[in-house]
Amino acid sequence: MRNDAEWRTLLLAGVCYAVWLLLAFGWADLPDILRILLLIPVITLHSSLQHEFLHGHPFRNQKLNDLLISPPIGVLVPYLRFKSCHLTHHINENITDPYDDPESYYLDRDIWATIPKWVRGLLIANNTLVGRITIGPALATVGFLRSEFVRTRAGDTLIPKVWLRHFLAVALLFWLIGTYGSLHPAGYFIAAYFGMGLLMVRSFIEHQAVEKANQRSVIIETRGPLSLLFLNNNFHSVHHAYPSLAWYRIPAFFRENRARFLRMNGGYRYQSYWEVFRRFGFRPKEPVAWPIEPRKRRDGGT
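The model shown is predicted, which means the values in this text are computed figures rather than measured ones.

Participant: Outline the pattern of salt bridges, listing residues and values.
Facilitator: Going through the model one piece at a time under the given rule, you end up with seven salt bridges. Taking the shortest distance from any N to any O, the salt bridge between Lys-83 and Asp-66 comes out at 2.7 Å. Of this pair, Lys-83 sits in helix α4 (residues 79–89) while Asp-66 sits in helix α3 (residues 62–69), placing them 17 residues apart in sequence. Both residues of the pair, Lys-83 and Asp-66, belong to the buried class. We note a salt bridge from Glu-148 to Arg-151, for which the minimum N-O separation is 3.2 Å. Here the residue Glu-148 and the residue Arg-151 both occupy positions in helix α8 (residues 136–153), the gap between them amounting to three residues, near one helical turn. Using a relative accessible area of 31% as the deciding quantity, one classes Arg-151 as partly exposed. One salt-bridge network, in which partners are shared between bridges, spans Arg-81, Glu-148 and Arg-151.

Quick look at the structure:
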């Protein structure tokens, strides 16, 4: 088709929006519980598409990409804030750093030693896969809001504007669903919450805290339903090495360069998400306290 658009990505986005509209505003005979269960992976897919769009797909015009993917159907995080933080996350030498990686789940060891035991218990539970799916969205949202408040107090004037627009858009979304939709807004919120929880199956395992930055991103070699739902970001080491590589090109590119990628990332791999669940469903994958000395302390910062 093209040089200006990728038909696969556009088609998938169109299908995602169409199914979302049918579940949120149509198919009135479906039981609410079934509607919620079906909405969860659709909202997860939309989040995966947001990740694809912010990396420059499907159009060369990034403003058009942002416009197409910004509807807040995932509710919890404004797209533009996700975009900004995620692009910062792609400074590879900072991956997992509790200060410089906005997507890190680790804490500075000194801070870890000072927090209450009940908070430690929650964070340890959050480092299991079941915990990440169930309480992870709540902890991530609270933590993100806290960091956004800190940045706003430090003088970032854009953040409150983005959040205000997001709150207004979510309020409009809930009004439309409550007035014209087929599902109560509370049911929709449950679907959005666990849509993020399902997305966290991917983010749970995609990074590890080790000294060599190029060994911090995982390869999961599955090509099952979760791979499609996550738009092949299970090949996460490939994505960090080539962040502009389109989702549908990643598996073949990995197969052609498998030995090189596994050598590069130190063999940090799993065969499938089922293997991840067997190993870490109810057991923490790593300590919450970051095992590497944070750069801000190494460089004499605070």
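Participant: Run through helix α9 (residues 158–180), naming residues and quoting values.
Facilitator: The end-to-end C-alpha separation of α9 is 33 Å, in line with the 33 Å expected for 23 residues at 1.5 Å each. Taken as a whole, α9 has its buried residues at Ile-159, Val-162, Trp-163, His-166, Val-170, Leu-173 and Ile-177. Contact partners of the buried residues in α9: α1 (7–25), α4, α8 and α10 (185–205).

Participant: Tell me about the side chain of Gln-50, and please be specific about residues and values.
Facilitator: Turning to its location among the elements, Gln-50 is positioned in helix α2 (residues 32–54). Polar side-chain contacts of Gln-50 include one of 3.1 Å to the backbone oxygen of Ile-69. Setting aside residues no more than four positions away along its own chain, Gln-50 makes contact with Ile-69, Ser-70, Pro-71, Tyr-79 and Phe-82.

Participant: For the layout of surface pockets, give the residues involved together with the corresponding values.
Facilitator: To locate leftover empty space, one rolls a probe as large as a water molecule over the atoms. Taken as a whole, the second largest pocket holds about 290 Å³ of empty space. Mapped by element, the contributors of at least two residues to the lining of the second largest pocket are α3, α4 and α9. If one sorts the elements of the lining of the second largest pocket by residue count, α9 sits on top with four residues. Considered class by class, the residues forming the lining of the second largest pocket number eight nonpolar, two polar and two charged.

Participant: Before we move on, could you go through the environment of Leu-76 and cite the residues and values that matter?
Facilitator: Position of Leu-76 relative to the elements: it lies in the loop between α3 and α4. A sequence separation of 108 residues divides Leu-76 from His-184, and the C-alpha atoms of the two residues are 17 Å apart. Setting aside anything within four residues of it in sequence, one finds Leu-76 in contact with Thr-141, Trp-163, His-166, Phe-189, Tyr-193 and Met-196.

Participant: An account of the packing of aromatic side chains is needed here, citing residue identities and associated values.
Facilitator: This model, assessed by the stated rule, comprises 19 aromatic pairs. With a centroid separation of 5.2 Å and 40° between ring planes, the pair formed by Phe-235 and Phe-254 is classed as tilted. Of this pair, Phe-235 sits in the loop between α11 (225–229) and α12 (236–241) while Phe-254 is found in helix α13 (residues 250–256), placing the two residues 19 residues apart along the sequence. Here the aromatic rings of Phe-277 and Phe-282 are separated by 6.2 Å at their centres, their planes lie at 70°, and the arrangement is edge-to-face.

Participant: Summarise the packing of α10 against helix α15 (residues 273–280); cite the residues concerned and give the values.
Facilitator: Put simply, α10 and α15 touch, their axes get as near as 11 Å, and they point 75° apart. Taken together, the axes of α10 and α15 are roughly perpendicular relative to one another. Where α10 approaches α15, its residues Val-201, Arg-202, Phe-204 and Ile-205 are matched on the opposing element by Tyr-273, Val-276 and Phe-280. For the contact of α10 with α15, the residue count by class is six nonpolar, no polar and one charged.

What counts, and at which threshold
- Residues numbered from 1 in each chain as written.
- Predicted model: local features only at pLDDT ≥ 70, side-chain atom pairs only at ≥ 80, totals over all residues.
- Heavy atoms only, no water.
- Salt bridge = Lys/Arg side-chain N within 4 Å of Asp/Glu carboxyl O.
- Helix = DSSP H or I, 4+ residues; strand = E, 2+ residues; numbered from the N terminus.
- Buried < 20%, exposed > 50% of the residue type's maximum accessible area, 1.4 Å probe, protein only.
- Expected span 1.5 Å × (residues − 1).
- Contact = heavy atoms within 4.5 Å.
- Polar contact = N/O pair within 3.5 Å; in protein donor to acceptor, adjacent residues only side chain to side chain.
- 1 Å grid on protein atoms, 1.4 Å probe; cavity = no way out; pocket = protein on both sides within 12 Å on 5 of 7 lines; lining within 4 Å.
- Points joined across faces, edges and corners; volume = space filled by probe spheres on them.
- Nonpolar A, V, L, I, M, F, W, Y, C, P; charged D, E, K, R; others polar.
- Phe/Tyr/Trp six-rings, centres within 6.5 Å; stacked < 30°, edge-to-face > 60°.
- Axes fitted to C-alpha atoms, helices over the stretch in contact; angles between N-to-C directions.
- Parallel < 35°, antiparallel > 145°, perpendicular 65-115°, else oblique.

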